[in-house]
Structure formats: structure tokens, C-alpha cells
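Spelled out, the chains give:
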Amino acid sequence: MPSQTTDPIIKFDRVNKSFGDLEVLKGLSFEIGAGERVTLIGPSGSGKTTILRLLMTLELVTPVKHPDENGGVIWVEGAPYSHMEKGGKLHVASERYLRQRRQKVGMVFQQFNLFPNMKVLRNVTEAQVHTLKRSKEEAESKARDLLDLVGLSDKVDNYPNQLSGGQQQRVAIARALAMDPDILLLDEVTSALDPELVADVLGVLRDIADTTNITMLIVTHEMGFAKDVSNRVMMFDQGVIVEEDTPDRIFSDPQEVRTQDFLRAVLSE
Ligand SMILES: Nc1ncnc2c1ncn2[C@@H]1O[C@H](COP(=O)(O)OP(=O)(O)OP(=O)(O)O)[C@@H](O)[C@H]1O
Ligand SMILES: [Mg+2]
């Protein structure tokens, strides 16, 4: 069974998410321990991005009646996250509560989503100054350190459109790390890159995995990377976990037919 030595930093308790009539997550439950690196795999439309977007509060859970008994709640760092406690009961979280809680979660997207009108340095300082209220000097010092870490010290004064895709993605990683997240969400961060740029981005992420204890949730088709970095793989289909195991076991000896079919398809791409 997957090792879990610490209290969960993320807990989905019977979480539902629908878009109109489409039920994407149907009572999904799982736990992630602090410092774990978990890879989510599964066919297109299985709900992987939805899970990350819920954690980023870009989507809201579909409410259930009586969450205290019926769940439908996301917990982060031991406290309700999609909900807030009031009068000893759970209520759907307010915008203000979400804004405060999501500061500890960072996300990197497939499309880098940098601010095109800001230089690289400002892309990495902007949220530090506005959201965390750091001084400009402190934010710039942190940004320079992180841009150095991702190998882009010489690009601080460039605009995003003057960078390669891989460089832009490394800026996006630096920008996420600048907020000192406890949890980093990575959604197919190399899928939009030319093949020769993938290795640099994965190298940076490997370094981060090796040198920090940030909890990472990773959606990727790079099975080699998943194997190197993650301690657990969860296979999704239609919004439920079909199978979960260590990467070694799930990639070499998947037990479920749906996992076998999925891996065969991905590896033959
Ligand atoms: N904003 C939305 N409005 C309506 N339907 C949505 C929305 N976002 C996602 N969906 C639907 O929810 C389902 C799950 O989508 P999701 O993006 O989570 O899948 P995924 O596992 O990330 O797929 P992929 O591997 O293609 O990225 C899909 O059927 C998708 O069409
Ligand atoms: Mg997706």
C-alpha cells in the first residue's frame, strides 16, 4: 500500500463536482500526506484538471446538504478548505476565506499564463507584492534567487514573448515558488513544449522535488518523470480512483484493466 507517514495535508472527503448535468467527480475521497509527490494519470476527461482547479479555488465544489455528515468537503492542512467552520458547523467558504487559504497553494499550467505586458522579473514579483504585501526589494531579491534556480538569471529584463516555451514555463515555476507554497500543482506543464525543451523543465522540477519538502500533485504523460519524482500514482477514470500504487508497481504491473489499457495507449504515443 502507498506509504503515508504524516497527517494528510490534502483530504478530499466525498467531493462532488458537476458542470451542469455532467457529474465529473462523484463522491471522490483521497488523502495526500505532507511532502508526498503524487502523480494523477487517467484518460482525457477523467477529472484530473478539475481536481487541481478545485485546490486552486478556480472551481468550487458542488455543495451537498449537511456537509458535517455527508462530506463533499476539501480539507487542507487539517482545516476545512472548500468550507469554513461557523458555529461548530461547516458552511460553504466565502470568497474572502478562499482568498486567504489558497495562498499556500501554487499552480503551474500547461499554457504558461505569464503576464505578457510585464518583464520576467515583474512576473515573479507582482503577486508577492500585491498578495503577500512584501516590499519591492524583498520580492525582487526572492525573484532573482528563484530565476537563478530555474536557470534564467540573464532573462529578468525580457518580456515573455522573447523567451522560448521552456523558458516561459520555468518563469511560471519560479512565479509559483515565489509565493512559498506548501502545495504545488503541476498540470501537464510540458505538454505544450517542443520536445527538445521538455528536459530542462523536468530537470528544474526534479531539483525542486529533491531540495524542498513541498507537497506536489502532478498531472503528466511523462511516465519516466512520474516514476523518478513521485512516491504514489493514482489512476483516475470518470472521476473515481481506479487504482493507486507506487510508480514502480503501477507502471510495471498494473492490476486493473483500465490502467493497463491507459498505460498501453500512453506508452505507444
Ligand atoms: N468549465 C467547465 N464547464 C463544463 N464542463 C467542464 C468544465 N471544465 C471541465 N469540464 C468537463 O469535465 C470533465 C473533466 O474535465 P478535466 O479537465 O478535469 O479532465 P482531465 O482529466 O484533466 O482531461 P485531460 O487529460 O484532457 O486534460 C470533462 O468532461 C470536461 O469536458
Ligand atoms: Mg486536464
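Everything numeric in this text was worked out from a predicted model, so none of it was measured.

Caption draft 1: Region of the structure containing the pairing of strand β3 (residues 37-41). Counting buried positions along β3 yields 5 of 5 residues, so the element is predominantly enclosed. Residue alternation in β3 divides its side chains into two sets, Arg37, Thr39 and Ile41 and Val38 and Leu40, and both sets are buried. Taken together, the 4 bridges between β3 and strand β11 (residues 232-237) define a ladder with parallel strand orientation. When the sheet's bridge partners are listed, Leu40 is paired in β11 with Met234.

Caption draft 2: Expanded view of the environment of Leu98. Mapped onto the elements of the fold, Leu98 is located in helix α3 (residues 95-101). For Leu98, a relative accessible area of 5% translates into the label buried. Separated by 52 residues in sequence, Leu98 and Ser46 place their C-alpha atoms 25 Å apart. Excluding its chain neighbours within four sequence positions, the residues that come into contact with Leu98 are Thr57, Leu60, Tyr81 and Ala93.

Caption draft 3: View of the packing of aromatic side chains. Scanning the entire structure with this criterion turns up 1 aromatic pair. Their ring planes at 20° and their centres at 4.5 Å tell us that Phe12 and Phe30 sit as a pair that is stacked. Separated by 18 residues along the polypeptide, Phe12 in strand β1 (residues 8-19) and Phe30 in strand β2 (residues 22-33) bring together distant segments of the chain. According to the relative accessible area criterion, Phe30 is buried, its value standing at 5%. The side chain of Lys11 reaches across the aromatic face of Trp75, ending 5.9 Å from its centre. One cation-aromatic arrangement involves Arg175 over Phe115; the distance from NZ or CZ to the ring centre is 5.2 Å.

Caption draft 4: Expanded view of the pairing of strand β10 (residues 215-219). Counting buried residues in β10 gives 5 out of 5 residues, a clear majority hidden from the surface. Both faces of β10 are covered, namely the face carrying Thr215, Leu217 and Val219 and the face carrying Met216 and Ile218. Strand direction decides the pairing type here: β3 and β10, joined by 4 bridges, are parallel. Bridge pairing in β10 places Leu40 opposite Val219. As paired strands, strand β9 (residues 183-187) and β10 are joined by 5 bridges and run parallel to one another. In the strand pairing of β10, Leu184 is matched with Met216. In this fold, β9 hands off to helix α7 (residues 195-211), which returns the chain to β10; that crossover is right-handed.

Caption draft 5: The packing of helix α6 (residues 165-177) against α7, seen in detail. Two elements in contact, α6 and α7, have axes separated by 8 Å at closest approach and are oriented at 20°. Relative to α7, the element α6 is oriented roughly parallel. The handedness of the crossing between α6 and α7 is right-handed. When α6 is examined against α7, the residues Gly165, Gly166, Gln169, Arg170, Ile173 and Leu177 are found in contact with a partner set consisting of Leu197, Asp200, Val201, Val204, Leu205 and Ile208.

The rules behind each value
- Residues numbered from 1 in each chain as written.
- Chains lettered and ligands numbered in written order.
- Predicted model: local features only at pLDDT ≥ 70, side-chain atom pairs only at ≥ 80, totals over all residues.
- Heavy atoms only, no water.
- Buried < 20%, exposed > 50% of the residue type's maximum accessible area, 1.4 Å probe, protein only.
- Helix = DSSP H or I, 4+ residues; strand = E, 2+ residues; numbered from the N terminus.
- Pairing = 2+ DSSP bridges.
- Contact = heavy atoms within 4.5 Å.
- Phe/Tyr/Trp six-rings, centres within 6.5 Å; stacked < 30°, edge-to-face > 60°.
- Lys NZ or Arg CZ within 6 Å of the ring centre and 35° of its normal.
- Right-handed = clockwise from strand over helix to strand, strands pointing away.
- Axes fitted to C-alpha atoms, helices over the stretch in contact; angles between N-to-C directions.
- Parallel < 35°, antiparallel > 145°, perpendicular 65-115°, else oblique.
- Left-handed = near helix turned anticlockwise from the far one by under 90°.

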